[in-house]
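Descriptive structure summary
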Amino acid sequence: MTYVREPAEIVVSTKWPLAYERGHWTGRLRASPNVPILSGEYSAQWVKSGTQWLIRSEVYVAIDCAGPACAWPPVAP
């Protein structure tokens, strides 16, 4: 699987070295890279360390599916 994130919003704090990102993601099989089989929404927290921005946490929620992905069972805690 290959996953692509498409940011819709990035908010950078003016007080702390933190940022928030949200957007849409898609997942595609490597054998069929032009056909998304999973997609959904995501959010990420970024922290600035020196001059670099690093991801601290991410949440991905699958919303839509196509083809074989629709038969995959959901994972429950």
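What this report covers is the structure whose coordinates are included nearby. Keep in mind the model is a prediction, meaning the values are calculated, not measured.

Basis of the calculations
Residues numbered from 1 in each chain as written. Predicted model: local features only at pLDDT ≥ 70, side-chain atom pairs only at ≥ 80, totals over all residues. Heavy atoms only, no water. Phe/Tyr/Trp six-rings, centres within 6.5 Å; stacked < 30°, edge-to-face > 60°. Core = buried A, V, L, I, M, F, W, Y, C linked by side-chain atoms within 4.5 Å. Buried < 20%, exposed > 50% of the residue type's maximum accessible area, 1.4 Å probe, protein only. Helix = DSSP H or I, 4+ residues; strand = E, 2+ residues; numbered from the N terminus. Contact = heavy atoms within 4.5 Å. Salt bridge = Lys/Arg side-chain N within 4 Å of Asp/Glu carboxyl O.

1. A short note on the packing of aromatic side chains
What the rule picks out here adds up to three aromatic pairs. By way of ring pairs, the aromatic residues Y3, W25, Y42 and Y60 are connected into one cluster.

2. A few points about the nonpolar core
The biggest cluster of nonpolar side chains holds five residues, and these are W25, I37, L38, Y42 and A69. A per-element tally of this core places strand β3 (residues 36-49) first, with three residues. Excluding residues that lie within four positions of it along the chain, L38 makes contacts with M1, W25, T26, G27, D64, C65, A69 and W72.

3. As for the pattern of salt bridges
A complete count under the given rule lists three salt bridges for this structure. We note a salt bridge from R5 to E58, for which the minimum N-O separation is 2.4 Å. Here R5, found in strand β1 (residues 2-12), pairs with E58, found in strand β4 (residues 52-65); they are 53 residues apart in sequence, far enough to count as distant. Of the residues examined, R5 reaches a relative accessible area of 25% and is grouped as partly exposed. Overall, E58 belongs to the partly exposed group, its relative accessible area being 39%. When salt bridges that share partners are traced, they join R5, E21 and E58 into one network.

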